[in-house]
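# Topology and contacts: notes
Chain by chain, the residues run as shown.
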Amino acid sequence: MPDPALEDPYRLPEEADRTAPMGGWRIRRMHRTDGGELTSAVLPRDRTTATAWHDGVSEIWYVCAGAGQVWTHDGAAARTVDLRPGRALLLPPGLRHQARSTAVDAVELLLVVLPPGHTGRTHLTEGAWAPSGDAAQEPVLEDPPAGSSSAAVEVRDLPWTMDHAAPDGSEIRLLPTVAAGGLAHCVVHPGQRTRAVRHRTVTELWYVLDGLGELARWDDGVDAVPRVLPLRSGTGIGIPVWTAFQFRCTGVDPLRLLLTMPQWPGPDEADTTVGGLDAWRS
């Protein structure tokens, strides 16, 4: 079944479709490919999850809103990290982790799971805090296999300044990544539009954090009239491989996007020979 994001803009569902295996997190699935899964996860206020570790699965968290903490243990040392907007975390396989929200704020994440996870790969174990709500039920606890080790949690706050300009001219701020994929933060300022490019090998997934804009996508080839699609908060959309595209900010605030799976191969991935295309040429 084709990913709906590759056909039309995809809106974040209003209701959760499941609860995470460790309890607490309300999950709204957005996109799932062979390489990974992109979801929204919300931990209601004053809630503590059970402690879990994932078998062969990495997770990248980007905090969109709210406040809380995550406790992690890599087999050698424990660490507690504050959850706040603009903070991204990479949780590698085998890392024990447990999250809690504050008494006044829910925590909202954009969550990337690499490769796509399922309940059989999530195991519950002992943690630092007493679970609450639906996570407080007596779980079957299972520690990581003896002798196994995990990398520590990687934490990266959204940089104030861009790391580099993309080939299309948008501002890119780098977030955690692994071989299977990752996240990058993209900004286009009011009144600006990018140059048209196309990807040689990557089908990219976007999620609009905030702002208003439009995406022009030459779905039927560079000689056809482009399809213009709206971009606004909560919109997911895809850029199929070898499809020329261009986007712009149409609001009074910057258009901010998260770009995700798979990992960006480098600047040579972008074919700039279509730069003469302009959907909004007056």
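Below: a short report on this structure. Sequence order as written defines the numbering, with residues in each chain counted from 1. With pLDDT at 70 or above as the cut-off, local features in this predicted model cover only qualifying residues; side-chain atom pairs require 80 or more to be listed or tallied, and sums for whole chains, interfaces and linings still use all residues. For the side-chain quantities, the full set of heavy atoms in the structure was used; hydrogens and water were omitted.

Attention shifts here to the overall build of the protein chain. Only DSSP runs of H or I reaching four residues or more are called helices, and only runs of E reaching two or more are called strands; each is numbered from the N terminus. Helix and strand content of the protein chain: 0 helices and 24 strands. Whereas a compact globule of 282 residues would reach a radius of gyration of roughly 19 Å, the protein chain reaches 20 Å, a difference of no more than 12%. Along the first, second and third principal axes, the C-alpha atoms of the protein chain reach 65 × 40 × 40 Å. Relative accessible area decides the class of each residue, using a 1.4 Å probe on protein chains only: under 20% of the type maximum gives buried, over 50% gives exposed, and in between gives partly exposed. Here the protein chain holds 282 residues, and 50% of them are scored as buried. Here a residue-residue contact requires only that any non-hydrogen atoms of the pair lie within 4.5 Å. Long-range contacts, defined as pairs at least 24 residues apart, comprise 75% of the intrachain contacts of the protein chain with a sequence gap of at least 6. When the accessible surface of the protein chain is totalled, it reaches about 13000 Å², and 50% of it is carbon and sulfur. The globule rule used for comparison is 2.2 Å times the number of residues to the exponent 0.38, while the radius of gyration itself is calculated over C-alpha atoms. Here the open area of atoms and residues is found with the Shrake-Rupley method and a 1.4 Å probe, where only the protein chains shown may cover a residue.

Attention shifts here to the pattern of salt bridges. Close approach of charged atoms lets side chains of opposite charge pair. Between Lys or Arg on one side and Asp or Glu on the other, a salt bridge is scored when a side-chain nitrogen of the former is within 4 Å of a carboxyl oxygen of the latter. All told, the structure shown has 17 salt bridges when counted by the stated rule. Asp-157 is the salt-bridge partner of Arg-87, the closest N and O atoms lying 2.7 Å from each other. Here Arg-87, found in strand 9 (residues 87-91), pairs with Asp-157, found in strand 13 (residues 154-157); they are 70 residues apart in sequence, far enough to count as distant. Through salt bridges with shared partners, a single ionic network connects Asp-17, Arg-18, Arg-29 and Glu-37.

This brings us to the sheet that holds strand 16 (residues 181-188). Spatial ordering of the open sheet is given by 1-21-18-23-16-15-14, a layout of 7 strands whose pairing is antiparallel. Of all the strands in the sheet, the pair left with one neighbour each is strand 1 (10-11) and strand 14 (164-165). Strands are treated as partners if at least two bridges between them are detected by DSSP. Pairing geometry for strand 1 and strand 21 (residues 235-239), over 2 bridges, is antiparallel. For Arg-11, the partnering residue across the bridge sits in strand 21 and is Thr-235.

Looking now at the sheet that holds strand 9. Spatially, 7 strands are ordered 2-3-4-11-6-9-13 in an open sheet, and the strand pairing comes out antiparallel. The strands lining the two open edges of the sheet, one partner per strand, are strand 2 (18-19) and strand 13. Where strand 9 and strand 13 come together, 4 bridges link them in antiparallel fashion. Across the sheet, residue Arg-87 finds its bridge partner in strand 13, namely Asp-157.

Time to look at the state of the cysteines. Cysteine pairs can be covalently joined through their sulfur atoms, and such a bond is termed a disulfide. To count as a disulfide, a pair of cysteine sulfur atoms needs to be within 2.5 Å. On inspection of all chains with the given rule, the structure shows 0 disulfides. Free cysteine Cys-249: the closest other cysteine sulfur is in Cys-186, separated by 11 Å.

To continue, consider the nonpolar core. Only buried Ala, Val, Leu, Ile, Met, Phe, Trp, Tyr and Cys residues count toward a nonpolar core, and they belong to the same one when joined by side-chain atoms within 4.5 Å. Counting 25 residues, the largest nonpolar core has Met-22, Trp-25, Trp-61, Leu-83, Leu-89, Val-107 and Leu-109 as the members making the most contacts within it. Those elements that place two or more of their residues in this core are strand 4 (37-43), strand 6 (58-66), strand 8 (78-83), strand 9 and strand 11 (107-114). Looking at this core, the element that brings in the most residues is strand 11, giving 4 residues. Sequence-distant contacts of Leu-83, defined by excluding residues within four places in its chain, comprise Trp-61, Val-63, Gly-66, Ala-67, Gly-68, Gln-69, Val-70, Leu-89 and Val-107.

On to unusual backbone geometry, then. Despite not being glycine, Asp-46 has its phi angle at roughly 55 degrees, a positive value. By the element assignment, Asp-46 lies in the loop between strand 4 and strand 5 (51-54). Even without being a glycine, Trp-242 presents a positive backbone phi close to 65 degrees. Mapping Trp-242 onto the fold places it in the loop between strand 21 and strand 22 (245-249). The partly exposed category is assigned to Trp-242, whose relative accessible area is 41%.

With that out of the way, let us pick up the layout of surface pockets. What the largest pocket holds in volume is close to 500 Å³. What lines the largest pocket is a set of 27 residues, among which Ile-172, Ala-184, Glu-204, Leu-259 and Trp-264 lie closest to the centre. Those elements that provide at least two residues to the lining of the largest pocket are strand 15 (171-178), strand 16, strand 18 (204-210), strand 22 and strand 23 (255-260). The definitions used throughout rest on a 1 Å grid laid over the protein atoms alone, on which a cavity is an enclosed set of points accommodating a 1.4 Å probe that cannot get out and a pocket is an open set flanked by protein within 12 Å on both sides along at least five of seven lines; lining residues are those having an atom within 4 Å of a point. Grid points are joined across faces, edges and corners, and a volume is the space filled by probe spheres set on the points.

Bringing the packing of aromatic side chains into the picture now. Under the pairing criterion, centres of Phe, Tyr and Trp rings, with the six-membered ring standing for Trp, must be within 6.5 Å; the plane angle then separates stacked pairs below 30 degrees from edge-to-face pairs above 60, leaving the rest tilted. Counted by the stated rule, this structure contains 4 aromatic pairs. Each ring, one from Trp-25 and one from Trp-61, has its centre 5.6 Å from the other, and the planes form 70 degrees; the classification is edge-to-face. With Trp-25 in the loop between strand 2 and strand 3 (26-32) and Trp-61 in strand 6, the pair connects residues that are 36 residues apart, well separated along the chain. Taking the relative accessible area as the measure of exposure, Trp-25 reaches 5% and is therefore buried. For Trp-61, a relative accessible area of 2% corresponds to the buried category.

No statement about biological role is implied by the geometric values presented.
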